[in-house]
Structure formats: C-alpha cells, structure tokens
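Descriptive structure summary
Take a look at the letters that make up each chain.
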Amino acid sequence: MHQFTIQPIFGSANWELAGYNIAFTNSAMWMLISTVVLWIFVAGGMRRELVPGRWQMSVEFFTGFIDDMLEANVGKAGRKYVPYIFSLFMFILFANILGLMPLGVVGIHPFTFTSHFTVTGVLAILSFAIVLVVGFWKHGFHFFSLFIPSGTPLPMIPIIFPIELISFLVRPFSLGLRLFVAMMAGHVLLEVLSSFVIDGTNAGVGFAALVGIPSFILMVGICALEILVAGIQAYVFALLTSLYINDAENLH
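These numbers were taken from a predicted model, which means no experiment stands behind them.

With respect to the packing of helix α4 (residues 117–139) against helix α6 (residues 171–202)
- Relative to each other, α4 and α6 sit at 140 degrees, their axes nearing to 8 Å. For the element pair α4 / α6, the angle class is oblique. In the packing of α4 onto α6, the handedness of the crossing is right-handed. On α6, the residues that touch Phe117, Thr120, Gly121, Ala124, Ile125 and Phe128 of α4 are Arg171, Pro172, Phe173, Leu175, Gly176, Leu177, Leu179 and Phe180.
- Among the residues making up the contact of α4 with α6, the classes are represented as 10 nonpolar, 3 polar and 1 charged.

Here we look at the environment of Ser34
- You can see Ser34 is positioned in helix α1 (residues 26–44).
- Of the residues examined, Ser34 reaches a relative accessible area of 1% and is grouped as buried.
- The spatial distance from the C-alpha of Ser34 to the C-alpha of Asn14 is 25 Å, given a sequence separation of 20 residues.
- Apart from the residues lying within four places of it in its own chain, the contact partners of Ser34 are Phe91, Phe94, Ala95, Leu98 and Phe113.

Examining the layout of surface pockets
- Roughly 230 Å³ of internal volume is contained in the second largest pocket.
- Lining the second largest pocket are Val42, Gly45, Met46, Arg48, Gln56, Val59, Glu60, Thr63, Val82, Pro83 and Phe86.
- Put simply, the parts of the chain that give the lining of the second largest pocket at least two residues each are α2 (54–73) and α3 (82–98).
- Take the lining of the second largest pocket: its biggest share by element is 4 residues, from α2.
- A breakdown of the residues in the lining of the second largest pocket according to their chemical character gives 6 nonpolar, 3 polar and 2 charged.

A short note on a nonpolar patch on the surface
- Together, Leu32, Val36, Trp39, Ile40 and Trp55 give the surface a local cluster of nonpolar side chains, amounting to about 540 Å² of exposed area.
- By residue number, the principal contributor to the nonpolar patch is α1, which donates 4 residues.
- Within the secondary structure, Ile40 sits in helix α1.
- Overall, the relative accessible area of 40% leaves Ile40 in the partly exposed class.

Here is what the cut-offs are and how they apply
- Residues numbered from 1 in each chain as written.
- Predicted model: local features only at pLDDT ≥ 70, side-chain atom pairs only at ≥ 80, totals over all residues.
- Heavy atoms only, no water.
- Axes fitted to C-alpha atoms, helices over the stretch in contact; angles between N-to-C directions.
- Helix = DSSP H or I, 4+ residues; strand = E, 2+ residues; numbered from the N terminus.
- Parallel < 35°, antiparallel > 145°, perpendicular 65-115°, else oblique.
- Left-handed = near helix turned anticlockwise from the far one by under 90°.
- Contact = heavy atoms within 4.5 Å.
- Nonpolar A, V, L, I, M, F, W, Y, C, P; charged D, E, K, R; others polar.
- Buried < 20%, exposed > 50% of the residue type's maximum accessible area, 1.4 Å probe, protein only.
- 1 Å grid on protein atoms, 1.4 Å probe; cavity = no way out; pocket = protein on both sides within 12 Å on 5 of 7 lines; lining within 4 Å.
- Points joined across faces, edges and corners; volume = space filled by probe spheres on them.
- Patch = residues over 30% accessible without salt bridge, like charges linked within 9 Å, V, L, I, M, F, W, Y side chains within 5 Å.
- Areas by Shrake-Rupley, 256 points an atom, 1.4 Å probe, with all protein chains shown as cover.
- Salt bridge = Lys/Arg side-chain N within 4 Å of Asp/Glu carboxyl O.

So, in structure tokens, the structure goes:
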C-alpha cells in the first residue's frame, strides 16, 4: 500500500556511499521530525521556573511517570535509566501521533515509520543490547543463571536452560513485532474503511447511506482508538524494556 512505501525525497534517489544507496527517504524525514519535536518538547520544559507553566508541568509529568515506572519495576537502581526510557517512550509516542496527522509537512504525506519492522526491530535490539551489556557487566557469566529458575532439579537443567535461553533471545523480536503490527493494523483498517466511504459515495445516494456514512462514523471512532493505541504501544514498549532491564539489574 502506498502509505507504507518508503521513497527517496528531495532528489536523493541516486545518493551513494561506498556502493550503498543512502537516499534521504520519507521515513528518515519523519524520524528527524520526531527527534526535533522531542528535543523542542524537552527544551521547553527545562526552564525550572518556581511556578511551572503547562509546558514544564507536561515534561515533569512524563519524566515522573517514567521514573515511577522504573522504580516500581527495577527499584532505586532504575533511576539511571530514566533518560533512555523517557527518550524511547516519547520518541515512539511522537512518531505514532505524527503519523496520524491529516496534513503533511513541506508537501510530504505523514509517514508512520513505526509501522515498519526495520525501525521497531532496531529499537528493540538497542534495548536488548543494553540489557546484555548491563547483565554481563554486573554479573559476569553468572548472568546465565537467569536461564535456570531457582529450585530447578539438576536433571531438568539441560531441558530448561535451552528453553529459557530461546525465550530470552526471542524478546527483541516480539518487542519490535508488537509495535509494528499494532501500528500497521490500525492504518490498514482506516485505509479499508476509507475505500468503503469513497466507493459507497460514488455508487449513489443509496449506497452512501448504507455503506458510506456508517463507514465514515466508524472511521472517526477508529481514529480516536488509534490515538489511544499510539500512547498504549509507546507505554508497552517502555514497560517491557524496563522489565528486561530489571532482569539484568536484579539477577537472583
């Protein structure tokens, strides 16, 4: 579908570096826009006014929200991960919401880059890499004890260990897949409903009343649901990342 197609923009289709195409695409542009919006959002809330305004209160609310989530899941040690989890959460949130805008920027149609597994997969691998680095840095090879639940009988270890290891290695795949599927499914549903509205309207008054109008009303509801899903998926991604960090920090 056209709305999921990655295309070079600004005449960059033939840009190459060491034999690789490095074209600046619509996906890259919306990543840049999301990053800039996130930077502006944070910068606007760092005034540290005695009586904070709405902008500063918004930044402090989200920062406190992430801080509380990490403290609940990781403990006091989770506070040092607040900058990363906050940035991850807000980046995904802005990406999801900007992709729902009805109007584009500088003539480029809104593009939800979190609907591509290549993007969500990289974010998941980055989070997973942090877990591995922290786990081995703090616990060394004792980190492998994570794959052997406490109290496991000795004869069961050769069976339990590979199962737990495979489950652990699948985490980045499932983490990236969940966000990718949720965002793509919502946009595909809106695309289908919009085709019902257009085709029903073009078919005449009768079809417009039977198909077009109900589909349009449903589209409005789905759009509202998509905004909710945009926030929920950003939260789920940040929450699961904090839980994985807890495994590395609080290994028993």
